[in-house]
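# Secondary and tertiary structure notes
Okay, here's what each chain looks like letter by letter:
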Amino acid sequence: MFVIDIHYTAPLEEVDKHIEGHTAYLQKYIDNNTFIVTGRKVPRTGGILIANTGSKEEVEKIITEDPFYQHQVAEMTITEFLHARHNPALDGLLGKSV
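For the structure given in this document, a descriptive report is provided here.

The rules behind these values
Residues numbered from 1 in each chain as written. Predicted model: local features only at pLDDT ≥ 70, side-chain atom pairs only at ≥ 80, totals over all residues. Heavy atoms only, no water. Phe/Tyr/Trp six-rings, centres within 6.5 Å; stacked < 30°, edge-to-face > 60°. Helix = DSSP H or I, 4+ residues; strand = E, 2+ residues; numbered from the N terminus. Buried < 20%, exposed > 50% of the residue type's maximum accessible area, 1.4 Å probe, protein only.

All chains considered together, the criterion is met by 4 aromatic pairs. A ring pair is formed by Tyr8 and Phe68, whose centres lie 5.8 Å apart and whose planes are at 85 degrees; its orientation type is edge-to-face. Residue Tyr8 is located in strand 1 (residues 2–8), and its partner Phe68 is located in helix 4 (residues 67–70); the two are separated by 60 residues in the primary sequence. For Tyr8, a relative accessible area of 10% corresponds to the buried category. Judged by its relative accessible area of 1%, Phe68 falls in the buried class. On the basis of an interplanar angle of 45 degrees and a centroid distance of 5.4 Å, the ring pair of Tyr29 and Phe35 is categorised as tilted. Each member of the pair, Tyr29 as well as Phe35, is classed as buried.

Structure below.
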């Protein structure tokens, strides 16, 4: 599992020009169960995505589809973590916890 930390590198006015495309990108990966959680940081300096994929290389490929990445208005950091436990309500997405 991966945490994708998005940090805006451009003014919000520039980021907002690409928000519609970014939202469609997020929805695509929410719909196929890749993104488990997405949201803005507070204060609004970027966002956080929790991704359930098989490899860091897959996450790196997915990131290249994000309009924020394509238009260079944000930097993205990927952190891999080993998923061990979760709320049972997520069993359908993540399988059984240990």
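So much for the structure itself; the text now carries on.
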